[in-house]
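# Remarks on the overall topology
One-letter residues, chain by chain:
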Amino acid sequence: MTTSTRGAGKVPAVLVLEDGRMFRGRAYGAVGVTFGEAVFSTGMTGYQETLTDPSYHRQVVVMTAPHVGNTGVNDEDPESKQIWVAGYVVRDPARVPSNWRAKRSLDEELRRQGVVGISGIDTRALTRHLRELGAMRVGIFSGNALPDEGTMLAEVRQAPEMKGADLSAEVATKEAYVVPAIGEKKFTVAAVDLGIKGMTPHRMAERGIEVHVLPATATADDVYAVNPDGVFFSNGPGDPATADHPVSVMQAVLERGTPLFGICFGNQILGRALGFGTYKLKYGHRGINQPVQDRTTGKVEVTAHNHGFAVDAPTDKVSETPYGRAEVSHVCLNDNVVEGLHLLDKPAFSVQYHPEAAAGPHDAAYLFDRFVSLMEGQRA
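Treat the numbers as computed from the prediction; the structure is a model and nothing was measured.

Considered for burial, the residues of helix α3 (residues 123-133) that qualify are T123, A125, L126, T127, H129 and L130. At the exit of α3 stands G134, carrying a positive phi of roughly 100 degrees.

The next point concerns empty space enclosed by the protein. In total, this model carries 2 cavities of 30 Å³ or more according to the counting rule given. A volume near 160 Å³ is recorded for the largest cavity. Along its surface, the largest cavity is lined by 18 residues, and T50, G287, I288, H305 and A359 are the ones closest to its centre. Taken together, the elements giving at least two residues each to the lining of the largest cavity come down to α1 (47-51), β16 (277-294) and β17 (300-312). A per-class count over the lining of the largest cavity returns 6 nonpolar, 9 polar and 3 charged. In this structure, the second largest cavity spans a volume of roughly 130 Å³.

Next up on the list: the pattern of salt bridges. In this structure the tally under the stated criterion is 21 salt bridges. The partner of E76 in a salt bridge is R101, with the nearest N and O atoms 3.6 Å apart. Here R101 lies in the loop between β8 (92-93) and α2 (106-112) and E76 lies in the loop between β6 (67-68) and β7 (87-89), a separation of 25 residues in the sequence. Between K197 and E356 there is a salt bridge, with the nearest N and O atoms lying 3.0 Å from each other. Here K197 is found in the loop between β12 (187-192) and α6 (199-205), whereas its partner E356 is found in the loop between β21 (348-351) and α10 (366-379), with 159 residues between them in sequence. Since its relative accessible area comes to 5%, K197 is described here as buried. When salt bridges that share partners are traced, they join D75, R104, E109 and R112 into one network.

What the rule picks out here adds up to 0 disulfides. Between C264, a cysteine without a disulfide, and C332, which holds the nearest cysteine sulfur, the sulfur-to-sulfur distance is 13 Å. The buried category is assigned to C332, whose relative accessible area is 1%.

What follows is about the UniProt feature "active site" (unreviewed entry) in the chain. What UniProt calls "active site" (unreviewed entry) maps, in this numbering, to C264, H354 and E356. The greatest C-alpha distance among the residues just named is 11.4 Å, despite their covering 93 residues of sequence, which places them together in space. Of the annotated positions named here, the largest cavity is lined by H354. Mapped onto the fold, C264 is located in the loop between β15 (260-263) and α9 (265-273). If sequence neighbours within four positions are ignored, C264 has contacts with N235, N306, H307, V351, Q352, Y353 and H354. Here H354 shows up in the loop between β21 and α10.

A few words now on the pairing of β17. Summarising burial for β17: 10 of the 13 residues are buried, a large majority. The sheet contact formed by β16 and β17 spans 11 bridges and is antiparallel. Bridging from a neighbouring strand, T278 pairs with V311 of β17. Between the end of β16 and the start of β17, which pair antiparallel, lie 5 residues, with G298 showing a positive phi angle near 85 degrees.

What counts as what
- Residues numbered from 1 in each chain as written.
- Predicted model: local features only at pLDDT ≥ 70, side-chain atom pairs only at ≥ 80, totals over all residues.
- Heavy atoms only, no water.
- Buried < 20%, exposed > 50% of the residue type's maximum accessible area, 1.4 Å probe, protein only.
- Helix = DSSP H or I, 4+ residues; strand = E, 2+ residues; numbered from the N terminus.
- 1 Å grid on protein atoms, 1.4 Å probe; cavity = no way out; pocket = protein on both sides within 12 Å on 5 of 7 lines; lining within 4 Å.
- Points joined across faces, edges and corners; volume = space filled by probe spheres on them.
- Nonpolar A, V, L, I, M, F, W, Y, C, P; charged D, E, K, R; others polar.
- Salt bridge = Lys/Arg side-chain N within 4 Å of Asp/Glu carboxyl O.
- Disulfide = S-S within 2.5 Å.
- UniProt positions renumbered as here; feature names shortened; annotations may be inferred.
- Contact = heavy atoms within 4.5 Å.
- Pairing = 2+ DSSP bridges.

Here it is in structure tokens:
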């Protein structure tokens, strides 16, 4: 990615998809060139949390909400230390932010962090295109000396694909750190960071859990060095088919019978650890309004999602695995995609979505309580 942080103003910009379709608009954020996988997010709020979610690493995010940036950017809501999206696409950016917490405009923040974006294009048409043909490679080119169309298309088609990408170590912490329990400490959890969002250990800390956040390269010995009551595997970017190391660590946890909870990428890791396959979705689930049914209770939740891969497990029966019986605990009501797994003979479960809800509805916060219950049961 090459960028300039000078003001975009009315600088021309072009979005080029790998199938040759192009959209012309104006530069938004940094001026330059960027490449990634084009995906769309249906959230109507929470753009700051979306931008700073490490799971969006190497993706160009198209916002389906037409008006973006009206509340500006503050210093409290980021989910990590930086913006992770490879590029940003909006239809109608706010000209002036209006919120008492705002420190600067979204455009300024994108420029400050060198994130290339484009505005003024028909994001509805682009979203319909991706919905029909699937997520694909894309490039955003901006500046007064744009390459010709053939050159831009050739550069997009040379960019790496998301399938087969091993990215979690690129976004995870390099050094272990501790998030202390809020109030009385009740449990210790080792959290394997595959691209963790800041709100996730905070939700555990609210429940009296001291969270030791470990790098993606952590071994089983590293996990058990903190003497955990439970082990957590986080969300993260990339293709779960490449995640052999986290799968082996999770299998070691399953062998020992330690209470285990995984979300998003962690759900896919559990699927692989149990012997199920994974596959790439056509365009994925991204946003904060996805309906999921908890099949253990029948309850329907509106949930926050960000994933382009899914677990290939049977939804109509209990499966035998090397670690006992397993079943699909949650399904997406839009397309019946597996949204959660549950072991019947060991204290382990996972979901494909984001119960920390930053941003998003709080329907799934009970999952952290379910994790606490597993640890209480194990201790008893």
